Amino acid sequence: MSDETTTEAEQYSIDPTAAEMLEIADECEISTVFSRSRSIKPCSTGSTGGCCKLCAMGPCRLIGKHDRGVCGADRETIAARNFVRQVAAGAAAHSDHGRDVALTLHAIAHGEIEGVTIADTVKLAKVAGYMGIEVAGKDAMQLAGEVADCALAQFGQQTGELVYVGRAPQKRQDLWRKLGVVPRGIDREVVEALHRTHAGTDQNYQSLLDGAIKCSLASGWGGSMLATDLQDILYGTPTPVRSAANLGVLSDEKVNILIHGHEPLLASMIIDATSEPEMVELAKSLGATGINVAGICCTANESLMRKGVPPAGNMLHQELAILTGAVELMVVDVQCIFQGLTEVASHFHTKLVSSSPKARIGDSEQIVVDEHHPRDAARAIVRSAVENFANRKDVHIPNVSEPLIAGFSHEYIRYMLGGKMRASLTPLNENIVNGKIRGVAAVVGCSSPRAVQDYAVVNVVRELIANNVLVVVTGCAAITSGKHGLLTPETAEFAGESLHEVCEALGIPPVLHMGSCVDNSRILTVLADVAATGGLGDDIAGLPAVALSPEWFSEKALEIATYAVGSGAHVIFGGVGSPVANSPVVEEYMISGWTERYGGSLRFIQEPHDMVVATLDLIDGARKALKIDVAAERVLFDMDMRRELSV
Ligand code: SF4
Ligand code: MSK
């Protein structure tokens, strides 16, 4: 039964497919994340970091006249502690993902996974170089084994520095050392963050927030960066690929399999299994014309970037996809998977299969993948989906999808700008210096039902490119951009004159899809490379670049924000308010205190237009400090222009 019917579906999303699907949810009295978000009001104390439940003397809610918890902890300590714990959870999620990829590489190098090999030996050699591993005279498997060993050692390392710290600009490394925030080992920093936030431990908000920075850097320049690199080695470094996005990528004639979560291993084998003649024949014998794979969230992004698998939607589309009645099977791995899927799936023929031993979703069927024989699990899943086709009943697939181009890895961006022989970011830097590109914005992260789905991301991206800001996107924000037609070269039409000109000259779209959540580490690599290329200072801090997450929802998003700040970037989050608003002191410290200490900041701004204004201020401030400011007219969207965006 629905918690609350969705009477005006349009209020939830600017994506027309959401409105269409939510009407079906209402008719069938099925609750969704959208309806539940309206019936469950957020707790104003918890959402602002004012509630502490670290010990049994509490929980203590610091509201009204209460300025201290039972133990005497003040608003600053409680808000900061809650924040550190969120960052630690995000770092744990991204880094544990990285660990699993390292374990997969290790197993492949030792011949323990049948039928899988190394996809990118060039990247393997490059990563070995980052790790100080001698490449000469070794075959791919030997090198892969040594790289996997080094990667795995990063998790349990107790002292010293993570090896990838050396990839940050020298100035940044020196600052981290001076401030004592160099991550020593990935697991160690996550554990320390949990320790220092235990009741009665660290009770100084500035010290706590340094702890958040150190823990997040262990992910940004550790677990996440390893996940990206090792996935590139295993599945290929992305290059541009054409695809399409939104629910219209589902097929009414083919068996539909949805891959959802974050990990690419099983998904890539499922994709391969769907083209095996035996599976195709089976599908045809049961009345389908073939087998179609589409994705949700970041398993979608990983598979899109490397194999062109179309994303059916971002995080808020996971239940809507099943409401089409056209999904034979959804296989989920880890992160961002709603338990609400089980209820929606129970109204349809859709099989919900969880594949990770870490993430059983309600009463979903669980196929725990034998890590040494993942192909067997992939085939079993595809077979199960195909056999379920006969159970399909009414199908309602919105006829809506947009073409897109994805696959802009750091490596490809260098080739694209400098050519194969002299791959480099020099043309990017030159165009930033001459003002044709005013700055760069990374629009990343999730979609939240607490905001209107897609509204903030679409508005922010369009207004930024109209102001000659080159945009890179990852995660669900990338899928949102794709769904709304912003990932094609034609999007340059909406760009400001000078950015349009650069895009035409370089043959690039003004909005570049750089991958999944862990692939925010690609953005760190690009920023470090921009600093190293010259002409724009010698650190990430001070670059005319800003990161935004206009519709964030997860702890991982906060962790990404924190490692971006620690790396010297200014970050703006929107959609919902600040998770530390119960302490104006902490809220302000994350802006001015962090700017002073790290050269980066984190601010929470609700409205998309205000986010853009703040972004342009930060970019223009950086240009002025670099003495490359040129008069640039602002194109600030008025109400009519914004209304036009509401597709
Ligand atoms: Fe309350 Fe202090 Fe216990 Fe937190 S740690 S619940 S503020 S007594
Ligand atoms: S899936 S963390 S909702 S981006 Fe990476 Fe999307 Fe955010 Fe999950």
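Residues numbered from 1 in each chain as written. Chains lettered and ligands numbered in written order. Predicted model: local features only at pLDDT ≥ 70, side-chain atom pairs only at ≥ 80, totals over all residues. Heavy atoms only, no water.

Colleague: If you had to explain the overall build of the protein to someone new, which residues and values would you point to?
Modeller: In terms of helices and strands, the protein carries 24 helices and 16 strands. Counting only residues that meet the buried cut, the protein has 63% of its 647 residues in that class. Looking at the protein alone, contacts between residues at least 24 apart form 76% of all its contacts between residues at least 6 apart. Of the roughly 23,200 Å² of accessible surface on the protein, 52% is carried by carbon and sulfur atoms. Seen as two clouds, the 54 positive and the 79 negative side-chain charges of the protein have centres 6 Å apart. (Helix = DSSP H or I, 4+ residues; strand = E, 2+ residues; numbered from the N terminus. Buried < 20%, exposed > 50% of the residue type's maximum accessible area, 1.4 Å probe, protein only. Contact = heavy atoms within 4.5 Å. Areas by Shrake-Rupley, 256 points an atom, 1.4 Å probe, with all protein chains shown as cover. Lys, Arg positive; Asp, Glu negative; His and termini not counted. Charge placed at Lys NZ, Arg CZ, Asp CG, Glu CD.)

Colleague: Could you give me a rundown of helix α7 (residues 186-196), with the residues and numbers involved?
Modeller: Among all positions of α7, only Ile 186, Glu 189, Val 190, Ala 193 and Arg 196 are buried. Along the axis of α7, the buried positions cluster into a sector of 135°, meaning they face one direction only. Turned more than 90 degrees away from the buried face of α7, the exposed residues are Val 191 and His 195. On its buried side, α7 packs onto α3 (75-109), α5 (140-156) and α8 (205-235). (Arc of directions from axis to C-beta.)

Colleague: Account for the environment of Ala 294, naming residues and giving values.
Modeller: Note that Ala 294 resides in strand β5 (residues 291-296). For the pair Ala 294 and Ser 268, spaced 26 residues apart in sequence, the C-alpha separation works out to 12 Å. Every residue in contact with Ala 294, bar those within four places of it in the chain, is listed here: Val 249, Leu 250, Ile 257, Leu 258, Ile 259, Val 309, Pro 310 and Ala 312.

Colleague: With reference to specific residues and values, describe the sheet that holds strand β9 (residues 365-366).
Modeller: Strand order in the open sheet formed by six strands is β6-β5-β4-β7-β8-β9, and the pairing between neighbours is parallel. Of all the strands in the sheet, the pair left with one neighbour each is β6 (311-313) and β9. As paired strands, strand β7 (residues 329-332) and strand β8 (residues 351-354) are joined by four bridges and run parallel to one another. From the neighbouring strand, Leu 329 faces β8, where its bridge partner is Lys 351. (Pairing = 2+ DSSP bridges.)

Colleague: Tell me about the site of ligand 2, and name the residues and values.
Modeller: The immediate surroundings of ligand 2 are formed by 13 residues, with His 262, Cys 336, Cys 446, Cys 476 and Cys 517 found nearest. Structurally, the shell around ligand 2 is a two-domain feature, drawing no fewer than three residues from each of domain 2 (247-391) and domain 3 (408-625). (Near = heavy atom within 4 Å. Domains from an automatic or database assignment.)

Colleague: Break down the nonpolar core for me, with residues and values.
Modeller: Judged by nonpolar contacts, the single largest core of 170 residues is most densely connected at Phe 83, Val 147, Val 443, Trp 594 and Leu 602. Excluding residues that lie within four positions of it along the chain, Trp 594 makes contacts with Phe 83, Leu 209, Ile 213, Thr 562, Val 565, Tyr 589, Gly 599, Gly 600, Ser 601 and Leu 602. Of all hydrophobic cores here, the second largest spans 38 residues; its members include Ala 312, Met 315, Val 332 and Ile 361. (Core = buried A, V, L, I, M, F, W, Y, C linked by side-chain atoms within 4.5 Å.)

Colleague: Outline unusual backbone geometry, supporting the account with residue identities and numerical values.
Modeller: Between Gly 58 and Pro 59 the backbone carries a cis peptide bond, its omega angle lying at 0°. Locating Pro 59 in the fold gives a position in the loop between β1 (51-52) and β2 (60-61). A positive phi angle is found at Cys 336, which is not glycine, with a value near 70°. Among the secondary structure elements, Cys 336 is positioned in the loop between β7 and α13 (340-346).

Colleague: Which residues make up the site of ligand 1, and what are the values?
Modeller: In the vicinity of ligand 1, the contacting residues are Cys 52, Leu 54, Cys 55, Met 57, Gly 58, Cys 60, Gly 69, Val 70, Cys 71, Ile 78, Arg 81 and Ala 199. Looking at the shell around ligand 1, its residues break down into nine nonpolar, two polar and one charged. (Nonpolar A, V, L, I, M, F, W, Y, C, P; charged D, E, K, R; others polar.)

Colleague: Help me get a handle on the environment of Ala 119, residues and values and all.
Modeller: Relative to the helices and strands, Ala 119 is located in the loop between α3 and α4 (121-130). The contacts of Ala 119, once residues within four sequence positions are left out, are Ile 233, Leu 234, Tyr 235 and Gly 236.

Colleague: Please give an account of the packing of helix α17 (residues 455-466) against helix α18 (residues 475-483) that cites residues and values.
Modeller: Contact geometry for α17 and α18: axes closest at 9 Å, N-to-C directions at 75°. Judged by the angle between their axes, α17 and α18 are roughly perpendicular. Listed contacts from α18 to Val 457, Val 458 and Val 461 of α17 are Ala 477, Thr 480 and Ser 481. Of the residues in the contact of α17 with α18, the class split is four nonpolar, two polar and no charged. (Axes fitted to C-alpha atoms, helices over the stretch in contact; angles between N-to-C directions. Parallel < 35°, antiparallel > 145°, perpendicular 65-115°, else oblique.)

Colleague: Explain the sheet that holds strand β13 (residues 511-515) residue by residue, including any values.
Modeller: The strand order across the open sheet formed by six strands is β13-β12-β11-β14-β15-β16, and the pairing between neighbours is parallel. The sheet terminates laterally at β13 and β16 (601-604), the two strands that pair on one side only. Strand-to-strand twist across the sheet, computed as the mean angle between neighbouring axes with direction ignored, equals 25°. Alignment of strand β12 (residues 469-474) against β13, held across four bridges, turns out to be parallel. Across the sheet, residue Thr 474 finds its bridge partner in β13, namely Gly 515. Along the sheet, helix α21 (residues 555-566) contacts β15 (570-573) and β16; its crossing angle with β15, the most-contacted strand, is approximately 155°.

As far as function goes, none of this settles anything; it's purely spatial.
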